[in-house]
Amino acid sequence: MGSDGRDGNAPAASPLNPDAEFPALTDNERAALHRIGEQWTATVPGRAGRDAPMPVDPALGLAPDTRPTRLARLAPIRLFRAAPDHPGRDELVTTTPAPAPDSAAGRALVRLRRLLLGPPLASTALVRERMRKLVALPVLSSDLLSSVAYGPEAMLTVLALAGTAALGLSLPLAAALIGLMIVVGVSYRQTIPAYAHGAGSYLVASDNLGHRAGLTAGVGLMTDYILTVSVSVAAGVHTVTSAVPALAPFTVPLGLLFIGVLVAGNLRGIRAAGNLFAAPTYIFVLAIAALVVFGLADAAGRGFTPVPPPPVAAAEGVGLLLVLRAFSSGATSMTGIEAISNAVPIFRPVEWRNARTTLTWMIFMLVVLFAGLIVLFHLNGLVPRADETLLSQLARTTFPTGPWYLLVQAATALILMFAANTAFNDLPRLLFFVARDGYAPRRFLHMDDRLAFGNGILLLAGTSALIFVAFRGHTESLIPLYAVGVFLAFTLSQVGMVVHWRRHRERHWTRKLALNAAGAVACALVLVTAAVTKFTEGAWVVVIAIPLMVLGALRIRAHYDAVRAALTPRPPGPGPSPNGDTVTERAESTGRAAATDRAAGPEAEEVPGQVRHLVVVPVLRLDLAALRALAYAASLGQPCLAVHIGPDDGEADRFRAEWQAWGDHLRLEVVVSPYRAVIATLVGYLEALHALRPDVALTVVVPEIVVRRRWHRLLHGGTPRRLRRALRGRPGLVITSVPIHVTR
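In this text, all values refer to a predicted model and were calculated from it rather than measured experimentally.

Parameters and conventions
Residues numbered from 1 in each chain as written. Predicted model: local features only at pLDDT ≥ 70, side-chain atom pairs only at ≥ 80, totals over all residues. Heavy atoms only, no water. Salt bridge = Lys/Arg side-chain N within 4 Å of Asp/Glu carboxyl O. Helix = DSSP H or I, 4+ residues; strand = E, 2+ residues; numbered from the N terminus. Buried < 20%, exposed > 50% of the residue type's maximum accessible area, 1.4 Å probe, protein only. Phe/Tyr/Trp six-rings, centres within 6.5 Å; stacked < 30°, edge-to-face > 60°. pLDDT = per-residue confidence, 0-100. Contact = heavy atoms within 4.5 Å. Axes fitted to C-alpha atoms, helices over the stretch in contact; angles between N-to-C directions. Parallel < 35°, antiparallel > 145°, perpendicular 65-115°, else oblique. Left-handed = near helix turned anticlockwise from the far one by under 90°. Core = buried A, V, L, I, M, F, W, Y, C linked by side-chain atoms within 4.5 Å. Patch = residues over 30% accessible without salt bridge, like charges linked within 9 Å, V, L, I, M, F, W, Y side chains within 5 Å. Areas by Shrake-Rupley, 256 points an atom, 1.4 Å probe, with all protein chains shown as cover. Lys, Arg positive; Asp, Glu negative; His and termini not counted. Charge placed at Lys NZ, Arg CZ, Asp CG, Glu CD. Expected span 1.5 Å × (residues − 1). Bend = angle between axes of the 7 residues up to and from the residue. Pairing = 2+ DSSP bridges. Right-handed = clockwise from strand over helix to strand, strands pointing away.

1. Structural notes on the pattern of salt bridges
- Here the structure, examined in full by the defined rule, presents eight salt bridges.
- Asp 449 is paired through a salt bridge with Arg 114; the nearest N and O atoms lie 3.1 Å apart. Here Arg 114 lies in helix H2 (residues 104-117) and Asp 449 lies in the loop between helix H16 (420-436) and helix H17 (454-470), a separation of 335 residues in the sequence.
- Judged by its relative accessible area of 12%, Asp 449 is buried.
- In this structure, the salt-bridge partner of Arg 693 is Asp 695, at a minimum N-O distance of 2.9 Å.
- The partly exposed category is assigned to Arg 693, whose relative accessible area is 25%.
- Here the residues in one salt-bridge network are Glu 29, Arg 564 and Arg 621, joined through shared partners.

See the structure below:
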């Protein structure tokens, strides 16, 4: 694994594919699956075997092109088609994202969703949805670049506590901060090709320091992203209400409205959100660049002679602690510097190279704007004031007439509000990687119909909105919490890269190690200083919250490990099970309790002999739960059909291979759902089967995980419950569950 920028050494990015929800079986599981399948050869009843005659054509070869629906007479809906590009592939593909709702209200909601978010995107559109560099730069740098609006002022505010003379320390402290920016930026330039599949600090720390360190880094970034949204929206709304005081009573509704706008924009997908939110960052960069250029030109006209600042009374003496506090306060200008390393997969190919180029430009703009503003504050003798920001004072001094002052203020308000968009881009993807490792609920792996991580977006919006409302839109007190979470992640990332270079010893590894070691020391110094000096100002919340969140993540992983252990197929023994039951008896016992859930069969039959059955078993993954459901279904002695719904062709092929490894004992139909609507696609397929033969009772046997604790239910999708609700009003379709219990 290399990072020297050569194509042959940099690993390819691992895209955020929808098939992450469908993990492949391990080699041991496949071997156990094969041994279990060998026992089916002699035990599957003839009527239930793979070659048994089916009362309905599962391939829907004789089915009409339209799905039966109340709207069929107005607008036929094509639901399934044969795969045209893969000759010989026995596969069905959905042609619509989801069946139309039956109710008028449901159809109206669907139309409203399409109006706000756009039409669904197939899984194959994932590559097209990635960003080019000119769009990714403003979208991912809005948080970082917006920090120059308050970072330099935060540093000068601390220095002003020691009086006018201490303000001269702003230049050497700014130089040290610029050095830290460059060191951390170059470090992340090295991290991007070395870990080209994204996740930044989380993955670097996990890979080199262990999962607990990785979780700590990830949780630190999560707290930073949540605070970014709350504080950025509050700062932007405050700018608006300052310009229009009549809106001050509506601070909270305005903030919630803007969070809603960010949610809607990001739910439209990566590319759509980038096109919507790119302009404010470019406007701000141009406005501040113009301010710096004209300000330096004015200073050059007077020979760069500094204007004496107004006298400031000293509240405390100049000491090491005050200098460190000022340095850590100015370091808030670096929040968001890790954003690009977290979002490498959203770039167009070559992903890591485009991400690294974008990071270089972002660091360059940060250094230029930060240095320019610090120098101009010093040359113009500006000091922090309670009634006006330093940036406003500088703009008023540089542009005393004309519309330019208002342009700078408007651009600042826009960037402060849209800085929250960086969090909406990065937090859902960070949650994806954490959930992929089992430390967060698996629902964060799910991509919605616009290929956006909607669950992560909604979680971020809800949490930040709650904070915003709790503080009634006045979240200035949350700013001191920034440095703790973000520099915790920086420090662990830098230390992780030091370990990485020692382990791999690639070209120029000693130079790279020295650079990361220097960054680790500097970031650790800022972290400790911020945690100690700002502990009583609110940093204690983060210091306590991060360990609690890590503990919660570890408990989630423990639960998923228990589920995995309970569902992993195990090679069968030659004799009965330890409790004396055979495999078939255990399957019958497992399903017996669920048999009471069955609804009545087709309404015309009253005698059991008149009922014709087809047992359908939805299978997402060939684990122990699915095998028990298949065994139970086959034991009924009725024709059986297994249905697998996958997000793309690659996952479908992989599942077929696993099915063959098991032994191909039952008829299998694979439906590719490129819009990732599993429940809706399954219901549509069952309706199409029922439309062919209304006299056939379709019994759907669903494997169901039964957990011990109530909160564990939140970590699972609830497929049986959702299927029951979807099938409740459809005659001829019944559903039963084969439970498997997780006792830990």
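The discussion continues.
2. As for the packing of aromatic side chains
- Scanning the model with the defined rule gives nine aromatic pairs in all.
- Geometrically, the ring pair formed by Trp 361 and Phe 364 is edge-to-face, given 6.0 Å between the ring centres and 85° between the ring planes. Highlighted residues: Trp 361 and Phe 364, both in helix H13 (residues 351-379), separated by three residues, approximately one helical turn.
- Aromatic side chains Phe 487 and Phe 490 sit 5.2 Å apart centroid to centroid with 75° between the ring planes, which places their arrangement in the edge-to-face category. Placement of the pair is Phe 487 and Phe 490 together in helix H18 (residues 482-504), with a separation of three residues, close to one helical turn.

3. Considerations on the confidence of the model for the protein
- Residues at a pLDDT of 70 or more form 85% of the protein, whose mean pLDDT is 81.
- Here helix H21 (residues 583-592) stands out as the least confident element of the protein, with mean pLDDT 39; H13 is the most confident, with 93.
- Counting interchain partners and residues more than four positions distant, the pLDDT-below-50 stretch residues 1-14 has 42 contacts.
- Note on residues 575-607: pLDDT under 50 across the span, and 41 contacts to partners over four residues away in sequence or across chains.

4. Quick notes on the packing of helix H3 (residues 133-146) against H13
- Close contact between H3 and H13 brings their axes to 10 Å; oriented N to C, the two are set at 45°. Judged by the angle between their axes, H3 and H13 are oblique. Of the two elements, H3 crosses H13, and the hand of that crossing is right-handed. Contacts between H3 and H13 involve Lys 133, Ala 136, Leu 137, Leu 140, Ser 141, Leu 144 and Leu 145 from the first element and Asn 354, Thr 357, Thr 358, Trp 361, Met 362, Met 365 and Leu 366 from the second.

5. Quick notes on the nonpolar core
- One finds Ile 288, Leu 291, Leu 373 and Phe 487 to be the most contacted residues of the largest nonpolar core, which totals 145 residues.
- Each residue touching Ile 288, except ones within four places of it in the same chain, is listed here: Leu 369, Leu 373, Leu 391 and Val 408.
- Of all hydrophobic cores here, the second largest spans 29 residues; its members include Leu 627, Trp 662, Leu 668 and Val 738.

6. Re a positive patch on the surface
- There is a patch of like positive charges on the surface, built from Arg 443, Arg 721, Arg 722, Arg 725 and Arg 728.
- The topology assignment puts Arg 722 in helix H25 (residues 719-727).
- Judged by its relative accessible area of 33%, Arg 722 falls in the partly exposed class.

7. Details of H3
- Between its first and last C-alpha atoms H3 spans 19 Å; for 14 residues at 1.5 Å apiece the expected length is 20 Å, and the two agree.
- The principal kink in H3, of about 45°, is found at Leu 140.
- Judged by how many residues are buried, H3 sits mostly within the fold: 12 of 14 residues are covered.
- Looking only at H3, the buried set comprises Val 135, Ala 136, Leu 137, Pro 138, Val 139, Leu 140, Ser 141, Ser 142, Asp 143, Leu 144, Leu 145 and Ser 146.

8. Focus on a nonpolar patch on the surface
- Where nonpolar side chains cluster on the molecular surface, the patch consists of Phe 535, Trp 540, Val 541, Val 543, Ile 544 and Leu 548 and spans about 540 Å² of accessible area.
- Turning to its location among the elements, Trp 540 is positioned in helix H20 (residues 535-567).

9. Let's talk about the environment of Thr 157
- With respect to the helices and strands, Thr 157 occurs in helix H4 (residues 151-159).
- Residues Thr 157 and Arg 385, 228 residues apart in the sequence, show an inter-C-alpha distance of 8.7 Å.

10. Thoughts on the pairing of strand E3 (residues 612-618)
- With five of its seven residues buried, E3 lies for the most part within the structure.
- Strand direction decides the pairing type here: E3 and strand E6 (residues 696-706), joined by five bridges, are parallel. For Val 615, the partnering residue across the bridge sits in E6 and is Thr 699.
- Taken together, the four bridges between E3 and strand E4 (residues 640-646) define a ladder with parallel strand orientation. Of the residues in E4, the one forming a bridge with Val 617 is Ala 642.
- Crossover connection from E3 via helix H22 (residues 624-635) to parallel E4: handedness right-handed.

11. Notes on unusual backbone geometry
- Note that the residue after Pro 349, namely Val 350, is joined by a cis bond; omega there is -5°.
- When you line up the elements, Val 350 lands in the loop between helix H12 (339-342) and H13.
- Located in the positive-phi region is Arg 505, a residue other than glycine, with phi close to 50°.
- At Asp 664, a residue that is not glycine, the phi angle is positive and equals roughly 55°.
- Residue classification places Asp 664 among the buried residues on the basis of a relative accessible area of 16%.

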